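Below, each chain spelled out in residue letters.
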Amino acid sequence: PRMQGIKRDGDRSAPAANRTLSDLAYERILEALYARRVPAGAFVSQSDLVTLLDIPVAPIRDALRVLEAEGVVIIHPRSGIEFIKPGLELTKATYQFRGIIERAAVRVFTDTAEAQVFDTLASEHEALRTRIEATGLDAGALNELERLEVLLHGAIVNSLNNPLIDTSYRRIHNYLRLVRLDRKLTPPLALKSLREHLAIIHACALRDGDAADAAVQAHFAAAFQRHIGLH
């Protein structure tokens, strides 16, 4: 996710070039976290981040303030930057929030999305399911699974057309990426997730809001069990 126009505190006229560097710093910090170049739970200095990201300290400071507001880091004055390591409580909170938002959103999605949207989502999920069954879960299949995850859940949430929810959901997506860093995804688990997605899509295609709601609940309950290792 990209934060547009990150501004310094008390400076709403910050130059556009600085805002662009702040956006870039925000993205690179998250990329470093997701790529494990900065481990979850790590304690680093701003100078460490300057060296790692090749971005000046001022934009990094701007980005860190945003990330602290989003709950990804804790800034310890004159000490360093602590990156959050998700535990069970944050994982539970993440799925609770997703369930509250998406159970409401999926009913709107079911009623308002074009039939072609459901057809496209279903065909792309079926194609990946066939691919994993045939060749397993390689890096390309993992990337496609993440793309479909964002595509489906993003479409559901976007159907609410609510910028406040979009902002909150972006924060939750960051948490979800953190939660997933330590998961061990096997072909059977990936196929199970795809089947759960397809159940949601098929209920939406039938314009059955109750069934879509139930499918979302079942998907999140199963996903939570997978993420805490109970499958």
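Our structure's up above, just so we're on the same page.
This report concerns the structure included in the present document. (Residues numbered from 1 in each chain as written. Predicted model: local features only at pLDDT ≥ 70, side-chain atom pairs only at ≥ 80, totals over all residues. Heavy atoms only, no water.)

**Some points on the environment of Asn174**
So, point 1. Of note, Asn174 is situated in helix α7 (residues 163-180).
So, point 2. The buried category is assigned to Asn174, whose relative accessible area is 1%.
So, point 3. A C-alpha to C-alpha distance of 26 Å links Asn174 and Ala122, two positions 52 residues apart in sequence.
So, point 4. Here Tyr26 takes part through its side chain, which lies 3.4 Å from a polar atom of the side chain of Asn174. (Helix = DSSP H or I, 4+ residues; strand = E, 2+ residues; numbered from the N terminus. Buried < 20%, exposed > 50% of the residue type's maximum accessible area, 1.4 Å probe, protein only. Polar contact = N/O pair within 3.5 Å; in protein donor to acceptor, adjacent residues only side chain to side chain.)

**Brief notes about the sheet that holds strand β1 (residues 43-44)**
So, point 1. Taken together, the three strands give an open sheet; going across it, the order is β1-β3-β2, and neighbouring strands pair in antiparallel fashion. On the outer flanks of this sheet lie β1 and β2 (73-76), each paired with one strand and no other.
So, point 2. In the sheet, β1 pairs with strand β3 (residues 80-83) via two bridges, with the strands oriented antiparallel. Pairing of Phe43 across the sheet is with Glu82, part of β3.
So, point 3. Docked against the sheet, helix α3 (residues 57-69) engages β2 and β3, running at close to 120° with respect to β2. (Pairing = 2+ DSSP bridges. Contact = heavy atoms within 4.5 Å. Axes fitted to C-alpha atoms, helices over the stretch in contact; angles between N-to-C directions.)

**Notes on the side chain of Glu102**
So, point 1. Tracing the backbone through its elements, the reader meets Glu102 in helix α4 (residues 88-112).
So, point 2. Apart from residues lying up to four places away in sequence, Glu102 is in contact with His153, Ile156, Val157, Tyr169, Val216 and Phe220.

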